[in-house]
Structures are given as structure tokens and as C-alpha cells.
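Geometric and topological summary
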Amino acid sequence: MTSSAFDTSQVKDKRDTINGRFQKIKSMAASRRARLNESHRLHQFFRDMDDEESWIKEKKLLVSSEDYGRDLTGVQNLRKKHKRLEAELAAHEPAIQGVLDTGKKLSDDNTIGKEEIQQRLAQFVEHWRELKQLAAARGQRLEESLEYQQFVANVEEEEAWINEKMTLVASEDYGDTLAAIQGLLKKHEAFETDFTVHKDRVNDVCSNGQDLIKKALEETWRNLQKIIKERELELQKEQRRQEENDKLRQEFAQHANAFHQWIQETRSCMVEESGTLESQLEATKRKHQEIRAMRSQLKKIEDLGAAMEEALILDNKYTEHSTVGLAQQWDQLDQLGMRMQHNLEQQIQARNTTGVTEEALKEFSMMFKHFDKDKSGRLNHQEFKSCLRSLGYDLPMVEEGEPDPEFEAILDTVDPNRDGHVSLQEYMAFMISRETENVKSSEEIESAFRALSSEGKPYVTKEELYQNLTREQADYCVSHMKPYVDGKGRELPTAFDYVEFTRSLFVN
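Residues numbered from 1 in each chain as written. Predicted model: local features only at pLDDT ≥ 70, side-chain atom pairs only at ≥ 80, totals over all residues. Heavy atoms only, no water.

What counts is decided by this rule: UniProt positions are given in the numbering used here, feature names are shortened, and annotations may be inferred rather than shown by experiment.
The name given to the protein chain in an unreviewed UniProt entry is Spectrin alpha, non-erythrocytic 1, with Cebus imitator as the source organism. Taken verbatim from the UniProt record of the protein chain, the Function (unreviewed entry) comment is "Fodrin, which seems to be involved in secretion, interacts with calmodulin in a calcium-dependent manner and is thus candidate for the calcium-dependent movement of the cytoskeleton at the membrane." In UniProt, the protein chain has this text filed under Subcellular location (unreviewed entry): "Cytoplasm, Cytoskeleton".

What follows is the structure, given as C-alpha cells:
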């Protein structure tokens with residue numbers, strides 16, 4: 001560095017760079033070690049807590065036992081075991097407190113997993129509190145059982161003494177000599193002395209029995225008061241739950257009823273739309289966008305329905321609608337909107353490419369809507385047959401069950417799979433195809449009249465008709481054709497408008 005033989009500034013820069021990177025690695029290593037130590041402390045704490053939880057769980061099984069002894073010896077042994085358990089709990093208290101202190105310190109140090117530490121600590125404290133409560137309750141029950149079994153033992157002892165002495169006092173032996181009588185008197189005096197002692201014992205037993213009965217009654221009364229209070233709280237809780245459930249029912253019903261009404265109104269509006277085909281198409285597109293937008297409202301209803309299911313609400317007196325039913329109706333409305341858009345586009349295309357007039361298309365649509373009483377966008381076979389008759393189709397009247405080959409031939413076109421219904425799209429496709437056939441025939445006849453006319457004029461003269469047609473045909477044309485009027489509104493003599501005549505003929 002002191003020599004000028006090297007580029008000292010470059011060497012210095014490299015040295016500083018290396019030192020900087022080294023210090024960075026050193027800092028990162030220290031930081032990682034700190035994080036690892038922190039993680040180790042955390043997982044060691046969780047392991048210690050798991051061990052303590054297991055210990056608490058094991059002791060809970062002991063203090064939750066319903067065995068309080070069947071005799072005096074049994075309850076005395078259980079009481080000794082419980083005393084040892086209480087001593088073990090007291091001795092284990094520092095270990096429990098150590099885990100709590102460690103957890104609190106970890107939480108205060110803002111270590112990783114702070115929320116989990118606090119949650120586990122709360123659960124741990126609750127479990128320890130429950131264990132001590134169960135231990136205290138079992139100790140109290142064992143003391144009561146000991147008192148009762150001691151009473152039973154005393155009663156049995158006194159009953160045994162009474163039974164033994166009953167034999168003596170019930171004896172019919174009163175002695176037959178002076179010596180015998182004196183001996184019996186001594187025994188009786190000893191009995192009376194013993195009787196005085198046992199009289200005090202019997203009084204003590206009776207007093208203990210009364211105390212036990214009193215304690216039992218007081219305990220029963222306290223338990224009854226506790227049960228009454230608990231039941232009152234449960235009833236209040238259930239009342240609040242039912243009130244919340246009823247609010248949920250009303251909220252669901254409000255949204256469901258409004259959504260169902262919107263579906264009905266939207267369906268009627270779409271089906272009864274009037275105006276030009278283009279205006280109907282635009283209106284249908286707007287309605288279909290509105291239908292798609294209402295999916296969010298249906299989602300809200302579905303969420304409310306899920307909340308009702310979670311609350312186990314199986315009935316709703318405020319509405320007859322369900323999430324499944326409304327979802328199906330929305331889906332049907334969405335499909336109806338798509339079908340109507342396609343149908344209107346089909347009608348516009350037919351009008352523009354085939355020559356079918358818009359008036360004819362409107363008539364077809366109007367007749368379909370007239371027979372679509374339920375606004376479902378489809379007709380059953382009987383409604384479809386009535387619709388065709390109203391449009392001028394000469395279908396024969398047949399009895400129910402009799403074959404109807406002409407109508408069956410039409411159904412082969414519009415309902416080949418025989419699902420029992422004809423949709424608006426199927427109906428319009430059928431009517432357009434029939435009308436297109438008429439238009440093609442109309443164009444052929446119009447071309448024939450144009451051939452009769454000299455120079456392909458848009459009219460034909462009376463002379464041209466009689467020259468090229470039979471007299472009967474010419475007479476019919478002359479009597480039914482309107483006079484031809486040119487672009488200036490002048491009526492040409494002996495000239496007839498064959499274009500208007502042909503088109504009116506096939507429209508009718």
C-alpha cells in the first residue's frame with residue numbers, strides 16, 4: 001500500500017469492498033443465529049407447554065373420577081390418594097408458573113408467533129384453572145363421602161350392639177335361686193352402665209344423621225337454585241338466539257322476495273318487448289346485462305342461506321323461496337336472455353338476407369307470446385298447434401290419442417327429440433324457413449311477370465297479360481292487381497303493379 005508500484009487506490013477499493021462484504025455476511029450470520037435462537041426458544045416453549053398440557057390432561061382424568069368409595073375403608077384410601085394428588089399439584093405449581101413466565105417473556109419480546117403464544121397461554125391457564133377446580137370439588141366430595149361412610153359405620157356398630165343386647169333384655173330367665181338372681185342383677189347393672197354409654201353414642205349418631213340430612217337438603221337447595229339460575233340464563237341465551245335467527249329469516253325473506261319479484265318482472269318485460277327488431281335486440285341486451293349484474297344480489301342471498309344453514313334454521317315463515325329455487329330461476333332467465341338475443345339476431349338476418357318482412361316476423365313473435373301464458377319462452381305441443389292454427393295453418397282436428405301425421409311431420413322439424421316443448425328459437429327458425437320458401441316462390445313468380453313485360457318494366461300491361469296467359473288467368477290478374485303508379489305519383493293507364501300483387505299474395 002505504501003509502495004507506488006501498484007495502483008494503491010484500486011487495491012484500497014477492493015480491500016474496502018471485501019471488508020464490507022465480510023461485515024455484511026457477519027451481520028447476516030449474527031442475525032440468522034439470533035433468529036434461530038429465537039425459534040429454538042419458541043419451539044422449546046411449545047414443547048414444554050405440550051408436556052405440561054399432557055400432565056394436566058392425565059391429572060384431569062384422576063380428579064374427574066366418579067368413584068367416591070363404597071365403604072369407609074374405600075373412601076379413606078381414596079382420600080389418602082387425593083391428598084397425595086393435591087400435594088403433587090401444589091409441588092407442580094412452580095413448574096406451571098415457570099412455563100407461564102417464559103411464555104409471557106417470549107410474548108413481550110415481540111418474537112415470531114406472538115399471537116400463537118398468547119392463544120396457547122390463555123388455553124393453558126384455563127386448563128390449569130379447571131384442573132384445580134376439579135381437584136377441589138373432588139376433595140370436597142370425598143370429605144362428604146367420608147362423613148357419610150363414617151356415619152354408616154357408626155350406625156352399623158350401634159345396630160350390632162343393640163341386636164346383641166336385645167337378646168339379653170328379652171330373656172325370660174329371672175333366676176330360680178338367690179345366687180342366680182344376684183348374678184343376673186349384676187349383669188343387668190353392667191348392661192345399664194353400658195347402655196348409658198351407648199345412649200350417648202346413639203344420640204351422637206342421630207345428631208350426625210340429622211346434620212347430614214340438613215347438609216344434604218341445603219346442598220340440594222343450593223344445587224336447585226344454581227340449576228334454576230343456569231336454566232334462566234340458558235333460556236335467555238336461547239331467546240337471543242331465536243331473535244337473531246328470526247332477524248336472519250326476515251333479512252333472507254326480504255331479499256329473496258324482492259329478487260323473485262324482479263325475476264318475474266324482468267321475464268315479462270323481456271317477453272313483451274315491442275318495437276323494431278333492432279330496438280328489441282338492444283333492449284334485450286341491456287336486460288341481459290342487468291341479469292348478469294344481479295348475480296351479485298343472488299350471491300348475497302346464497303350467503304344468507306348459508307348463514308341460515310349454519311344456524312340450523314330449516315324453516316322460514318316469511319318466504320316460500322329457497323336459494324336453490326332462486327338460483328335455478330336466475331339461470332333460466334339468463335338462458336332466456338341469451339336465447340332471445342340469438343333469436344332476434346336470427347330474425348334480423350332472415351329479414352336482411354331472405355326477404356322475410358319485419359311485419360311477418362313481428363306477427364310470428366306476437367303470436368308466440370300470446371300463447372306463452374307462463375312467460376317461459378317455450379310452448380307445449382298443444383299451445384304450438386293452436387299458435388300454428390292462428391297463423392293460418394290448416395291443421396286437421398283429431399281426437400286425443402288419434403294419429404296426426406301432418407302435425408307430427410312439423411314436430412319432426414321443431415322438436416325432433418320430443419322433449420314436449422318448442423322454444424321461441426325453434427319456433428322462429430321453423431316459421432322463417434317456411435316464410436323463406438314462400439319468398440323464393442314469390443321471387444320466381446315475380447321474375448315470370450317481369451319476363452312477360454317488355455324490357456323488364458316494373459309493371460305489366462293488360463295486353464301483355466292476355467297475350468301470354470289464359471283468359472281466366474288474365475281476368476284474375478286484372479281484377480286483383482292494382483294500377484301501377486310511377487315515381488312521380490302518376491297512374492299509368494292499362495298498367496298493373498305485378499310486384500305489389502305478388503308480394504301481397506304470398507304474405508296473405
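1. Some words on the nonpolar core
Across soluble globular proteins, nonpolar side chains show a tendency to be buried alongside one another. The cut-off we apply is this: The term nonpolar core refers to a set of buried residues drawn from Ala, Val, Leu, Ile, Met, Phe, Trp, Tyr and Cys, joined through side-chain atoms within 4.5 Å. Only protein chains enter the accessibility calculation, which uses a 1.4 Å probe. A residue is then buried if its area is under 20% of the maximum for its type, exposed if over 50%, and partly exposed in between. Numbering of helices and strands runs from the N terminus; a helix is a DSSP stretch of H or I covering at least four residues, while a strand is a stretch of E covering at least two. Whether two residues are in contact is decided by their heavy atoms: any pair within 4.5 Å suffices.
In this structure, Phe-259, Phe-364, Phe-384, Leu-388 and Tyr-427 are the most contacted members of the largest nonpolar core, which totals 46 residues. Among the elements that line this core, the one with the most residues is helix α4 (residues 178–271), at eight residues. Each residue touching Phe-384, except ones within four places of it in the same chain, is listed here: Leu-379, Phe-407, Ile-410, Leu-411, Val-414, Val-422, Tyr-427 and Phe-430.

2. With respect to the UniProt feature "domain: EF-hand" (unreviewed entry) in the protein chain
Here the UniProt-annotated "domain: EF-hand" (unreviewed entry) positions come out as residues 359–394 and 402–437. With 64% helix and 8% strand, the stretch residues 359–394 has end C-alpha atoms that lie 21 Å from each other.

3. Examining empty space enclosed by the protein
Just so we agree on the cut-off: Detection works on a 1 Å grid of protein atoms alone, calling trapped sets that fit a 1.4 Å probe cavities and calling open sets with protein on both sides within 12 Å along at least five of seven lines pockets, with lining residues defined by an atom within 4 Å of a point. Grid points are joined across faces, edges and corners, and a volume is the space filled by probe spheres set on the points. Just so you know the grouping, Ala, Val, Leu, Ile, Met, Phe, Trp, Tyr, Cys and Pro go in nonpolar, Asp, Glu, Lys and Arg go in charged, and all remaining residues, Gly too, go in polar. An automatic or database domain assignment is the source of the domain bounds shown.
In this structure the tally under the stated criterion is three cavities of 30 Å³ or more. Considered as a void within the structure, the largest cavity measures approximately 60 Å³ in volume. Surrounding the largest cavity, Met-270, Glu-273, Gln-280, Thr-284, Met-340, Asn-343, Leu-344, Gln-347, Ser-365, Lys-369 and Leu-424 form its lining. Counting residues per element, the ones that place at least two in the lining of the largest cavity are α5 (277–293), α7 (323–354) and α8 (358–371). With four residues, the top contributor of residues to the lining of the largest cavity is α7. Residues that form the lining of the largest cavity fall into these classes: four nonpolar, five polar and two charged. Split by domain, the residues of the lining of the largest cavity number at least three in each of domain 1 (254–345) and domain 2 (356–436). Taken as a whole, the second largest cavity encloses approximately 50 Å³ of empty space. What lines the second largest cavity is Val-271, Leu-336, Met-340, Phe-368, Lys-369, Asp-372, Gly-377 and Leu-424. Elements that contribute at least two residues to the lining of the second largest cavity include exactly α7 and α8. Residues that form the lining of the second largest cavity fall into these classes: five nonpolar, one polar and two charged.

4. Some remarks on unusual backbone geometry
Even without being glycine, Leu-312 reaches a positive phi, approximately 60°. Mapped onto the elements of the fold, Leu-312 is located in the loop between α6 (295–310) and α7. Residue class for Leu-312 comes out exposed when judged on its relative accessible area of 70%. Positive phi is not limited to glycine here, since Arg-418 has a value of about 55°. Secondary-structure assignment places Arg-418 in the loop between α10 (405–414) and β2 (421–423).

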